[in-house]
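Observations on chain architecture
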Amino acid sequence: MSKVNIKAPEVQVREKRLGSITGFEGTAKELVERGRCRKLKDSSRNFSQCIGCSSGQALCQLAMIKDAAVINHAPVGCSGDFFCFNFVYRVGQMDRDLPAINGRYFSTNLEEKDTIFGGIKKLEDTIREVYKRVKPNAIFITTSCASGIIGDDVEGSVTKLSEELSIPVVSCFCEGFKSKIWTTGFDSAYHSIVRKIVKPPNQKSNKVNIINFWGSHIFDDLLNELGYEAKYIVPFSTINELENISESAATIQICTTLGTYLGAALEQVYGVPEIKSPPAYGIAGTDNWIRELGRVLDRKQQVEEIIEEEHERVMPKLEEYREKLKGKTAYITAGAAHGHAIIALLRELGLDVQGAAIFHHDLVYDNGDSASDALAHDVRTYGDIKNYNVCNKQAYELVNILNRVRPDIMIARHGGMTIWGAKLGIPTLLIGDEQFSFGYQGVLNYAKRILETLDNKEFVTNLAKHSSMPYTKWWLEQEPFTFLGGGAHVKNY
Ligand code: SF4
């Protein structure tokens, strides 16, 4: 278990805290077993295409707090992702019947001379200007490679400006160069929130924290039925709402890759119990998860009744879908925890999962509980997964493998990855909302979307006919892991 220390200004990167890796090829079972024996060593690549940055993942959460502002203490190029988050923020507001206003994101625009003379004055001037312009209830300062390398005293500045402006001005250390695991940025954002925004509880409430991205609000009915209320965090919450998440009765994570640190921090620092079963994907996974929820919320009997009703409702439909999907093959590319969730969903539907390119792997989550290991749950419940590749969005590896495996469908969780399946004429399904496939109904939702995608094969067949591939014939004939050193090279495609 990693020890949460809210006195420290920054959280340790995942490589150190969770033993996380970005390079592996073999089978899922091998990965789980090596992880259990702590025998897993990262395999680095001697050729790499660009990867994500922690700063973007930190912004992904902080940028959606309704009454906060974010200042990126960085050269302006690091803010190239602002428009994406502003788009998501505006769409999310419209979905929630809120006026679609722009997000409040700013850059200190560090220039060459600032890297010599220091950027602190620029940072402090920017904080004052942002406060004057938008009057936020908190200001988060996300750091960058440049501000980290020149050693600007960001912590000193935020302490001074918090007193001066009488609002929390909070540092969030998320320099891209510090970690190859970009999801470290989620931990940095949550560390800032737990350290400087969340207040100790005055009383317990009947709310349940749902750590999520910005998906649909699917927990309302279930929690209301159990006498509780869902509190979706962090996107679309306010500073005042975040101050009180220490009073909640429990914390649910929609994705353990996202919420591992916040779930553990709330439990360790404020005693809010975390639901530790892997999130509810697939029938077996949902049974486990909902029983754990019933245990933590003291609703065991009610939960057993829900399981019985839901099985009665869902299983006949699931059998129909299984019949239709019999013999179909699939390949997955996604982040770690949600990738494990998709594997469970596909295996539940009877698809033959021919492999997966999963962006990183955490040996353990922050709670240190092996019960949270979703990949182990998949292997135990549905059997091994061959061609299990930990690959931080290296498109050249993905294309090489896809070209060999040629599944009936590719499933992707992130935009930008689907194009590779489509260029090869492989029907590809992108589902960005984790909540869509959560729980019993989620299995049916997913099955319907897979069938729709398979029905529309002609679209990608035509697309493939008229598109070219940037990779040469030479590369496609090489072993896909030619540039990955030191892993278990098991060839089973
Ligand atoms: S913080 Fe570093 S890795 Fe991230 S966008 Fe800026 S320069 Fe690139």
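Keep in mind that this is a model prediction, so the values were computed, not measured.

1. What to know about the environment of Asp433
Checked against the element boundaries, Asp433 lands in the loop between strand S13 (428-430) and helix H19 (439-455). Exposure remark for Asp433: the relative accessible area of 25% places this residue in the partly exposed category. In this structure the C-alpha to C-alpha distance between Asp433 and Lys16, which are 417 residues apart in sequence, comes to 30 Å. Those residues in contact with Asp433 that sit more than four places away from it in its chain are Gly215 and Ser216. At 2.9 Å, the side chain of Asp433 and the side chain of Ser216 are in polar contact.

2. What to know about the site of the ligand
Neighbouring residues of the ligand: Cys53, Cys78, Ser144, Cys145 and Gly176. Looking at the shell around the ligand residue by residue, the classes come out as three nonpolar, two polar and no charged.

3. Quick word on the pattern of salt bridges
Following the criterion strictly, the structure yields 32 salt bridges and no others. The salt bridge partner of Arg322 is Glu319, with a shortest N-O separation of 2.7 Å. Residue Arg322 and its partner Glu319 are both found in helix H14 (residues 300-325); the two are separated by three residues, about one turn of the helix. Residue Glu319 is classed as partly exposed on the basis of its relative accessible area, which comes to 43%. One salt-bridge network, held together by shared partners, links Arg14, Arg17, Asp187, Asp362 and Asp366.

4. A word on the packing of helix H9 (residues 184-196) against helix H12 (residues 256-270)
Between H9 and H12, the least distance of the axes is 8 Å, while the angle of their chain directions is 25 degrees. In terms of axis orientation, H9 runs roughly parallel to H12. Seen along the crossing, H9 lies across H12 with a hand that is right-handed. Across the interface between the two elements, Phe186, Asp187, Tyr190, His191 and Val194 of H9 pack against Thr257, Leu258, Gly259, Thr260, Tyr261, Leu262, Ala265 and Tyr270 of H12. Residues that form the contact of H9 with H12 fall into these classes: eight nonpolar, four polar and one charged.

5. Structural notes on the state of the cysteines
Disulfides are covalent bonds that link the sulfur atoms of two cysteine residues. Under the defined criterion, the tally for this structure stands at zero disulfides. For the unlinked cysteine Cys255, the closest cysteine sulfur is that of Cys60, found at 10 Å. Given a relative accessible area of 5%, Cys255 falls into the buried group.

6. Description of the pairing of strand S4 (residues 138-142)
Consecutive side chains of a regular strand alternate in pointing toward one face of the sheet and then the other. By the criterion of burial, S4 is predominantly enclosed, with five of the five residues buried. Taking every second residue as pointing to the same face, both faces of S4 are buried, with Ala138, Phe140 and Thr142 on one and Ile139 and Ile141 on the other. The pairing of S4 with strand S5 (residues 169-172) spans four bridges and is classified as parallel. Within S5, the position partnered with Phe140 by the bridge is Val170.

7. Points about the side chain of Glu247
Examined against the element boundaries, Glu247 turns out to sit in the loop between helix H11 (239-243) and strand S8 (250-253). Lys231 provides the closest opposite charge to the buried, unpaired Glu247, separated from it by 6.9 Å. Ignoring anything within four residues of it in the chain, the contact list for Glu247 reads Pro201, Asn202, Gln203, Lys204 and Ser205.

8. Brief notes about the environment of Gly119
With respect to the helices and strands, Gly119 occurs in the loop between helix H5 (112-117) and helix H6 (120-134). On the basis of relative accessibility, which here comes to 0%, the residue Gly119 falls in the buried class. Separated by 67 residues in sequence, Gly119 and Phe186 have C-alpha atoms that sit 25 Å apart. Excluding residues that lie within four positions of it along the chain, Gly119 makes contacts with His73, Leu110, Asp114, Ile150 and Asp152.

Calculation criteria
- Sequence order as written defines residue numbering, which begins from 1 separately in each chain.
- The model is predicted, so local features are restricted to residues of pLDDT at least 70 and side-chain atom pairs to those at 80 or more, both for listing and for counting; the totals for chains, interfaces and linings are taken over all residues.
- Only hydrogens and water are removed before side-chain values are computed, so all heavy atoms of the structure are retained for them.
- Runs of E in the DSSP output that reach at least two residues are strands. Runs of H or I that reach at least four are helices, and both are numbered from the N terminus.
- Relative accessible area decides the class of each residue, using a 1.4 Å probe on protein chains only: under 20% of the type maximum gives buried, over 50% gives exposed, and in between gives partly exposed.
- Note on definitions: a residue-residue contact is assigned when non-hydrogen atoms from the two residues lie within 4.5 Å.
- N or O atoms closer than or at 3.5 Å make up a polar contact, with two conditions inside protein: a donor-capable atom paired with an acceptor-capable one, and, for residues adjacent in sequence, both atoms drawn from side chains.
- One heavy atom within 4 Å of a molecule or strand is enough for the residue carrying it to be called near that molecule or strand.
- Charged means Asp, Glu, Lys or Arg here, nonpolar means Ala, Val, Leu, Ile, Met, Phe, Trp, Tyr, Cys or Pro, and polar covers whatever is left, Gly included.
- What makes a salt bridge here is a side-chain nitrogen of Lys or Arg within 4 Å of a carboxyl oxygen of Asp or Glu, nothing more.
- To obtain an axis, a line is fitted to C-alpha atoms, over the contacting stretch when the element is a helix, and the angle between two such axes runs from 0 to 180 degrees between their N-to-C directions.
- By the definition adopted for this analysis, an angle is roughly parallel if under 35 degrees, roughly antiparallel if over 145, roughly perpendicular if from 65 to 115, and oblique otherwise.
- Crossings are assigned a handedness: left-handed for a near helix turned anticlockwise from the far helix by less than a right angle, right-handed for a clockwise turn.
- Pairs of cysteine sulfur atoms within 2.5 Å are what we label disulfides.
- At least two bridges found by DSSP between two strands is the condition for calling them paired.
- Charged residues are defined here as Lys and Arg on the positive side and Asp and Glu on the negative side; His and the ends of the chain fall outside this count.

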